[in-house]
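Overview (structure and organization)
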Amino acid sequence: MKVTDLPKYWEQEKQPVERSHDYNLRLPLEDAARIAALAELYPDRTESDILNDMIGAALDDLVRQSPLKDKLTNTKDGQ
């Protein structure tokens, strides 16, 4: 999925997703405000949902478009 596809995705019914790792992020205040605003625009999505989707879409973009493609593709398969 592309980052630009996320708003349409967030408008769809939320599907359950298994999450097996926790991360602690420290965001700049402006970015945190943007995440909060997105969560208000899409009330079915939590701030964590928004962040998870954005990170996943960014990783998908890296796999599709960068010299890291082979390394990231192999990492995903090895989990």
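What counts, and where the lines are drawn
- Starting from 1, residues in each chain are numbered consecutively following that chain's sequence as written.
- Only residues with pLDDT of at least 70 are given local features in this predicted model, and only at 80 or more are side-chain atom pairs given and counted; all residues enter the totals for whole chains, interfaces and linings.
- Excluding hydrogens and water, the side-chain values take into account all heavy atoms of the structure.
- Helix and strand assignments follow DSSP, with helices taken as H or I runs no shorter than four residues and strands as E runs no shorter than two, numbered in order from the N terminus.
- Expected helix span is given by 1.5 Å per residue-to-residue step, counting one fewer step than there are residues.
- Residue contacts follow a heavy-atom distance rule, with two residues in contact if any of their heavy atoms lie within 4.5 Å.
- Any residue with an atom within 4 Å of a point lines the site, the site being either a cavity, points on a 1 Å grid over the protein atoms alone where a 1.4 Å probe fits but cannot get out, or a pocket, an open set with protein on both sides within 12 Å along at least 5 of 7 lines.
- Grid points are joined across faces, edges and corners, and a volume is the space filled by probe spheres set on the points.
- Classification convention: Asp, Glu, Lys, Arg as charged; Ala, Val, Leu, Ile, Met, Phe, Trp, Tyr, Cys, Pro as nonpolar; all other residues, Gly among them, as polar.
- Under the pairing criterion, centres of Phe, Tyr and Trp rings, with the six-membered ring standing for Trp, must be within 6.5 Å; the plane angle then separates stacked pairs below 30 degrees from edge-to-face pairs above 60, leaving the rest tilted.
- Three labels apply to residues, based on accessible area from a 1.4 Å probe with only protein chains included: buried if under 20% of the type maximum, exposed if over 50%, partly exposed otherwise in between.
- In our convention, an over-ring charge means Lys NZ or Arg CZ found within 6 Å of a ring centre and within 35 degrees of that ring's normal.
- His is not counted, nor are the chain ends; Lys and Arg add positive charge and Asp and Glu add negative charge.
- Here, a salt bridge means any side-chain nitrogen of Lys or Arg that lies within 4 Å of a carboxyl oxygen of Asp or Glu.
- Here the nonpolar core consists of buried residues drawn from Ala, Val, Leu, Ile, Met, Phe, Trp, Tyr and Cys, with membership extended through side-chain atoms lying within 4.5 Å.
- A score between 0 and 100, pLDDT records how confident the predictor is in each residue.

Overview of helix H3 (residues 47-65)
Along an α-helix, a turn takes 3.6 residues, which lines up residues three or four apart on a common side. Its 19 residues give H3 an end-to-end C-alpha distance of 27 Å, which sits within 8% of 27 Å, the value for a rise of 1.5 Å per residue. As for H3, its buried residues are in contact with helix H1 (6-11) and helix H2 (29-41).

Looking at the layout of surface pockets
Of the voids in this model, the second largest pocket is the one considered here, and its volume is about 160 Å³. In this structure, the second largest pocket is lined by Val3, Leu25, Leu27, Asp31, Arg34, Ile35, Leu51, Met54, Ile55 and Ala58. Put simply, the parts of the chain that give the lining of the second largest pocket at least two residues each are H2 and H3. The dominant element in the lining of the second largest pocket, judged by the number of residues it contributes, is H3, at 4 residues. Grouping the constituent residues of the lining of the second largest pocket by class yields 8 nonpolar, no polar and 2 charged.

Remarks on the packing of aromatic side chains
All told, the structure shown has 1 aromatic pair when counted by the stated rule. Centroid distance Trp10 to Tyr42: 5.4 Å. Interplanar angle 55 degrees. Geometry classified as tilted. Here Tyr42 lies in the loop between H2 and H3 and Trp10 lies in helix H1, a separation of 32 residues in the sequence. The buried category is assigned to Tyr42, whose relative accessible area is 14%. If you follow Arg45 out to its NZ or CZ, it ends over the ring of Tyr9, 5.1 Å from the centre.

Thoughts on the side chain of Asp53
The topology assignment puts Asp53 in helix H3. In this structure, Asp53 is buried with no salt-bridge partner, the nearest side chain bearing the opposite charge being Arg45 at 4.5 Å. Discounting residues that sit within four places of it in the chain, Asp53 has contacts with Leu6, Tyr9 and Trp10.

A word on the nonpolar core
A general trend in soluble globular proteins is that nonpolar side chains are found buried together. Ranked by size, the top nonpolar core spans 6 residues in total: Leu6, Trp10, Ile35, Tyr42, Ile50 and Ala57. In this structure Ile35 touches Leu27, Glu47, Ile50, Leu51 and Met54, once residues within four positions along its chain are discounted.

Points about the confidence of the model for the chain
Confidence in the prediction of the chain, expressed as mean pLDDT, is 87, and 91% of residues score 70 or more. At the level of individual helices and strands, the chain shows its lowest average pLDDT in helix H4 (residues 69-77), which scores 65, and its highest in H2, which scores 97.

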